[in-house]
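# Examination of the molecular architecture
Below are the chains, spelled out letter by letter.
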Protein chains: 2
Amino acid sequence: MAARLGIVGGGQLGRMLALAAAPLGIRCSFVDPSPEAGARVVADQIEADFENIDALIELSERSDIVTFEFENVSAPALEAIAGRATVAPSPRSLEVSQDRLLEKQLFESLGFPVAPYRAVATLDQLETAIEEIGTPSILKTRRLGYDGKGQVRIGSVDDADHAWKSVESEPSVLEGHVNFSRELSVVIVRAADGSGIAYPLTENVHLAGILHTSKAPIVPEDDPLQLRAVEHAMAIADELGHVGALALELFDVEGELVLNEIAPRVHNSGHWTIDGCRTSQFENHVRAVVGLPLGAIGPVLPTMMVNLVGGLPESAEVLAIPGAHLHLYDKEPRAGRKVGHVNVVELGPGEDSLASRAARVIALADASRH
Amino acid sequence: MAARLGIVGGGQLGRMLALAAAPLGIRCSFVDPSPEAGARVVADQIEADFENIDALIELSERSDIVTFEFENVSAPALEAIAGRATVAPSPRSLEVSQDRLLEKQLFESLGFPVAPYRAVATLDQLETAIEEIGTPSILKTRRLGYDGKGQVRIGSVDDADHAWKSVESEPSVLEGHVNFSRELSVVIVRAADGSGIAYPLTENVHLAGILHTSKAPIVPEDDPLQLRAVEHAMAIADELGHVGALALELFDVEGELVLNEIAPRVHNSGHWTIDGCRTSQFENHVRAVVGLPLGAIGPVLPTMMVNLVGGLPESAEVLAIPGAHLHLYDKEPRAGRKVGHVNVVELGPGEDSLASRAARVIALADASRH
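Residues numbered from 1 in each chain as written. Chains lettered and ligands numbered in written order. Predicted model: local features only at pLDDT ≥ 70, side-chain atom pairs only at ≥ 80, totals over all residues. Heavy atoms only, no water.

## Re the sheet that holds strand E6 (residues 117–120) of chain B
Residue and element names in this part refer to chain B.
- If you walk across this open sheet you meet the four strands as E6-E9-E7-E8, and the pairing is antiparallel. Among the strands making up the open sheet, the edge pair consists of E6 and strand E8 (151–154). Along the sheet, successive strands turn relative to each other by an average axial angle of 20°, direction set aside.
- With four bridges connecting them, E6 and strand E9 (residues 172–176) associate as antiparallel partners. Its bridge partner lying in E9, Ala119 is registered against Val173.
- Strands in contact with helix H5 (residues 100–109) are E6, strand E7 (137–141), E8 and E9; relative to E6, the strand with the most contacts, it is inclined by about 145°. (Pairing = 2+ DSSP bridges. Helix = DSSP H or I, 4+ residues; strand = E, 2+ residues; numbered from the N terminus. Axes fitted to C-alpha atoms, helices over the stretch in contact; angles between N-to-C directions. Contact = heavy atoms within 4.5 Å.)

## Re the domain arrangement of chain A
- Along its sequence, chain A is organised into domain 1 (4–87), domain 2 (116–176) and domain 3 (182–368).
- The gap between the C-alpha centroids of domain 2 of chain A and domain 3 of chain A is 29 Å. (Domains from an automatic or database assignment.)

## A few points about the interface of chain A and chain B
- Listed per partner, the contact involves 39 residues of chain A and 39 residues of chain B.
- Of the roughly 2900 Å² buried between chain A and chain B on both sides combined, carbon and sulfur atoms contribute 60%.
- Where chain A touches chain B, the interface holds four residue pairs in polar contact (both at pLDDT 80 or more).
- Sorting the residues of the side of chain A that touches chain B by element identifies helix H1 (12–21), helix H10 (281–290), helix H11 (315–319) and strand E17 (324–328) of chain A as the ones contributing at least two each.
- The element contributing the most residues to the side of chain A that touches chain B is E17 of chain A, with five residues.
- Here the residues of the side of chain A that touches chain B sort into 22 nonpolar, seven polar and 10 charged. (Buried area = accessible area lost by both parts, 1.4 Å probe. Polar contact = N/O pair within 3.5 Å; in protein donor to acceptor, adjacent residues only side chain to side chain. Nonpolar A, V, L, I, M, F, W, Y, C, P; charged D, E, K, R; others polar.)

## Here's the deal with the state of the cysteines
- This model, assessed by the stated rule, comprises zero disulfides over all chains.
- Its sulfur unpaired, Cys28 of chain A is 18 Å from the next cysteine sulfur, which belongs to Cys28 of chain B.
- Free cysteine: Cys277 of chain A, not disulfide-bonded; nearest cysteine sulfur from Cys277 of chain B at 17 Å.
- Under the relative-accessibility criterion, Cys277 of chain A is labelled buried at 3%. (Disulfide = S-S within 2.5 Å. Buried < 20%, exposed > 50% of the residue type's maximum accessible area, 1.4 Å probe, protein only.)

## Here we look at unusual backbone geometry
- The residue after Thr135 of chain A, namely Pro136 of chain A, is reached through a cis peptide bond having omega -5°.
- Mapped onto the elements, Pro136 of chain A comes out in the loop between helix H6 (123–133) and strand E7 (137–141).
- Between Gly298 of chain B and Pro299 of chain B the backbone carries a cis peptide bond, its omega angle lying at 0°.
- Counting through the fold element by element, Pro299 of chain B comes out in the loop between helix H10 (281–290) and strand E16 (303–309).
- Phi angles above zero are rare outside glycine, and Glu254 of chain B is one such case at about 45°.
- Taking the relative accessible area as the measure of exposure, Glu254 of chain B reaches 76% and is therefore exposed.

## As for helix H5 (residues 100–109) of chain A
- Residues Arg100, Leu101, Glu103, Lys104, Leu106 and Phe107 of chain A constitute the buried set of H5 of chain A.
- Its side-chain oxygen at 2.8 Å from the backbone nitrogen of Leu101 of chain A, Asp99 of chain A defines the N-terminal cap of H5 of chain A.

## Some points on the side chain of Ser269 of chain B
Residue and element names in this part refer to chain B.
- Relative to the elements of secondary structure, Ser269 occurs in the loop between strand E15 (256–263) and helix H9 (273–276).
- Note on Ser269: relative accessible area 1%, which makes it buried.
- Among the polar contacts made by the side chain of Ser269, one reaches the side chain of His267 at a distance of 2.7 Å.
- Not counting residues within four places of it along the chain, the set of residues in contact with Ser269 comprises Ser185, Val187, Thr202, Asn204, Leu211 and Ser214.

Set out below in structure tokens:
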């Protein structure tokens, strides 16, 4: 029986989920307020705000399963859906991942390394926290932070006042500086029966707080770093009773993995899997939430993903680069807005190296970036 | 600038073209009379007959380029489109491929081997042809034959009368028997500038006149058989001024390639390329017709495609087979109707062989077949 899948959110993640669902015979509906939501091309839209209870009820009634493009789902919204359709991931996955403090407490409870941090609810607490944690450090709101928003860097205790204003006195977390050599992430997908699959560890480079490039794989399948990252992510998913894709962001500190945060969903750092893996994170998320067996990931093709932010290079120029695959989101370019990505895959002998072809894509992306 | 692509026909080929076009930011519209056309999920439908001139005009006006899911396009239909939108493939590609006689004459004019044949317009001519060609032979209508329709096998000259009735006295071609060891096909994609790419030679097995399985690759990239097949297909495409995908069906007669027929479009024997190649026949057809650079095919992953005909196995059972990828068409199963396909890909050591995993898929497909 083909399932009907509902998605809260119809941006690029919803769009790529729906594109992955179509070949499985799974029809998608989604709620999104934008008449230009990227998923509209491949799924049925209910044009309404994410918190519109009537719209969420309609979505649930149209769907066998409801999933999410983002984690910041309110309790009333969740209640409107639950009881009418199966919800995946679990409410607990959403609750923990939308709150940096709960997240860090979960990591600690599992015995995983995190950066030193303090919960901060007042300016006084912030000043004390800065003294305890030291500088440089970063103040982050507990909720609703993404793409560098709701974050402010603290160089000395004198910055406390400005920083506290900048997070609008929201309950926050002060994080100590992590002297990392690189930022990594791993995406795993967990099925309802507790089985799971893991994608290769991915190295991420950010630019102005927004993911710029992701490269994978970076270590062999049986490398201790890969195994440890997957162990961490799977233990978190097990603890949450999570079903679907889950991304774990990590800092590599001289071979030690320090946990940064999770996203209980498909993740930008997993976009390379569309072209680099036999079953993408999008298809495996869909398979997991509708109860289909997960798909094989390998043989993996080494891939570099380049985000297109704020502007679009000419498609013809991008695709003239051998091994470049274009993924556009049908969104109007605006400064700081992700409007597509390019996956550049390994082609083997006779072609320029992956790194040099990726550099050409990065140059095109940067030239059109705003 | 993102192009708007029109497709005449919205069955599985139109659907998979639209799915491949979406990530390129290309919006598709299509004309199809069926309210259940498989492409409706991922493209905008104009619900009308393929020969409805108003609908074709509307499609052309909505589109920068118009392409086809099938070759049997009438001259008035083509005229309605041409002048309003760029048409790809060329009218000559369509004209030749919708007529078995013109097709064979083209192959011969290029010096390529074909089975002995005679054009037949009357019962008398048929009887003479049977005497000249010998038996067994096959009578095929010149036009509108597919999936074993419009074909009748002739065992002796006594079958002439019955055969002639069975093709309804339509202008036909009598083809001599070809004692082939296997049926092959090659899909090439030609760009407007004359450059092209070729997919690996594919071995096809039919069942009751309908493609059952396709396997590729079957020879190394630089094998003379591969090179010769591609040479033939490219020469034909050049001669036709063809733009887009073109499939050439061949008989392997002890290492000699005998040309059977062409399809000026994406082809069922190329469905394996979705999972086995870095850029599928669908994406490369789209790229070619809208004028984008063609995409790299390799590294190729050995793949077996299994058609789902007349019935659907349980998705969960199919996907429980490692390396199996499901492609459903959102069509109601009916006897003899293609409703989906499964691509089974090579997974490497530690997993069962491709052949044995494919056999499990074939068993599921056959059990649900009608």
